[in-house]
Amino acid sequence: MTGDYNDYILSKRERAAFVLILALSLCIAGYAFYESLIPAAAGMIGCRKAERVFRNYKAACRKNALLVQFRDFLYSLSSSFATGRHMSEAIEEAGETLREIYGENSDMAAETGYMLRRIRETGATDLEVLEDFSRRSGLEDAEDFTQVFRACRETGGNLVQAVNKAALIIGEKINIEREIKATVSQKKLEGRIITAMPVVIIFFLQIMSADYLDVMYHTLAGRLIMSAALGLTLGASVIIERITEIEV
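All of the points below concern the structure found in this document.

Cut-offs used in this document
- Residues numbered from 1 in each chain as written.
- Predicted model: local features only at pLDDT ≥ 70, side-chain atom pairs only at ≥ 80, totals over all residues.
- Heavy atoms only, no water.
- Helix = DSSP H or I, 4+ residues; strand = E, 2+ residues; numbered from the N terminus.
- Contact = heavy atoms within 4.5 Å.
- Areas by Shrake-Rupley, 256 points an atom, 1.4 Å probe, with all protein chains shown as cover.
- Lys, Arg positive; Asp, Glu negative; His and termini not counted.
- Charge placed at Lys NZ, Arg CZ, Asp CG, Glu CD.
- Patch = residues over 30% accessible without salt bridge, like charges linked within 9 Å, V, L, I, M, F, W, Y side chains within 5 Å.
- Salt bridge = Lys/Arg side-chain N within 4 Å of Asp/Glu carboxyl O.
- Buried < 20%, exposed > 50% of the residue type's maximum accessible area, 1.4 Å probe, protein only.
- Axes fitted to C-alpha atoms, helices over the stretch in contact; angles between N-to-C directions.
- Parallel < 35°, antiparallel > 145°, perpendicular 65-115°, else oblique.
- Left-handed = near helix turned anticlockwise from the far one by under 90°.
- Nonpolar A, V, L, I, M, F, W, Y, C, P; charged D, E, K, R; others polar.
- Core = buried A, V, L, I, M, F, W, Y, C linked by side-chain atoms within 4.5 Å.

1. Focus: the overall build of the protein
- Counting its secondary structure elements, the protein contains ten helices and zero strands.
- Tracing the protein from N to C terminus, the helices and strands come up as α-α-α-α-α-α-α-α-α-α.
- For the protein, the spread of C-alpha atoms along the principal axes amounts to about 80 × 35 × 30 Å.
- The contacts in the protein between residues at least 6 apart in sequence include a share of 66% that link residues at least 24 apart.
- Carbon and sulfur atoms make up 61% of the accessible area of the protein, which totals about 14900 Å².
- Here the protein holds 29 positive side-chain charges and 33 negative ones, and the gap between their average locations is 4 Å.

2. Regarding a nonpolar patch on the surface
- Taken together, the side chains of L189, I193, M197, V200 and I201 present a nonpolar region at the surface, about 450 Å² in accessible area.
- In this structure, L189 sits in helix α8 (residues 159-208).

3. Section: the environment of D72
- Mapped onto the elements, D72 comes out in helix α3 (residues 47-82).
- By relative accessible area, D72 is classed as buried at 16%.
- Sequence-distant contacts of D72, that is, excluding residues within four places in its chain, are made with L98 and Y102.

4. As for the packing of helix α4 (residues 87-102) against helix α5 (residues 107-121)
- Between α4 and α5, the least distance of the axes is 8 Å, while the angle of their chain directions is 155°. The pairing of α4 with α5 is recorded here as roughly antiparallel in orientation. Considering only the axes of α4 and α5, their crossing is left-handed. Between α4, through S88, I91, E92, G95, L98 and R99, and α5, the contact on the second element is made entirely by M108, A109, T112, M115, L116, I119 and R120.
- A per-class count over the contact of α4 with α5 returns seven nonpolar, three polar and three charged.

5. Focus: the pattern of salt bridges
- Following the criterion strictly, the structure yields 14 salt bridges and no others.
- In this structure, the salt-bridge partner of D72 is R71, at a minimum N-O distance of 3.4 Å.

6. Quick look at unusual backbone geometry
- With a phi angle near 55°, E35 is a residue other than glycine that sits in the positive phi range.
- Tracing the backbone through its elements, the reader meets E35 in the loop between α1 (12-34) and α2 (38-43).
- Relative accessible area serves as the criterion here: at 32%, E35 is assigned to the partly exposed category.

7. As for the nonpolar core
- In terms of nonpolar packing, the biggest core is built from 35 residues, with F70, F73, L77, I91, M108, M115 and F145 touching the most fellow members.
- With residues up to four places along the chain from it excluded, the contact list for M108 reads L66, Q69, F70, F73, L98, M115 and F133.
- Core analysis: the next-biggest nonpolar cluster, separate from the first, contains nine residues, F33, Y217, M226 and L230 among them.

8. Here's the deal with the side chain of R136
- Along the chain, R136 turns up in helix α6 (residues 126-137).
- Judged by its relative accessible area of 9%, R136 falls in the buried class.

9. Focus: the packing of α3 against α5
- Two elements in contact, α3 and α5, have axes separated by 8 Å at closest approach and are oriented at 60°. Judged by the inter-axis angle, α3 sits oblique to α5. Residue-level inspection shows R62, L66, Q69, F70 and F73 of α3 in contact with α5, the latter providing D107, M108, T112 and M115.
- Its residues placed into classes, the contact of α3 with α5 shows five nonpolar, two polar and two charged.

Put into structure tokens, the structure is as follows:
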């Protein structure tokens, strides 16, 4: 499905799953820190803001998947140019390859179909469709490739050699980026496990020695301490996410 990849529209199923998971998480936190579900109901007030965060996360995941597909798109273009294909023919062959690898519903396969329709039905040039894709995708690598392609068109340079070189360099860059992101993702997971440990410990104490925590739930000082603990846990989670949010 083509469109602006910087914005993600949740489907009804995704929105329902998000609300369910958010409500469940708030209920767990409310019961763990206050032994009450009232804070969970109050927390649902921030549902819209949390949904924006979730949409940004889904958009980032979609762009990461698109980046991998774009890498294979470049490899396919390079192979097609090497056999003397024109740009529209190369895009068509790339679309077939992408559908075989990622399926009919993959974003890049849909983009190749959209590019071909614009070229054949509206008379758009191959450069125009590439520029449109790089703008909507928000991928730096797509913009770099478009600039290389534009320079060859305007200066009459060796298009085949330039595309092959660009595909090789951008492909290697994307592979390195994915390796770095895989390492960062592992650290993010470790951080999330650490921030979840206080909740696990509290539930463990409730099961093993419920009387031990009574003072934390039934006195003003105890509630203030638990509120501070909840705030520190959330703050630590935000800090970990920001530290591990590395732009490659």
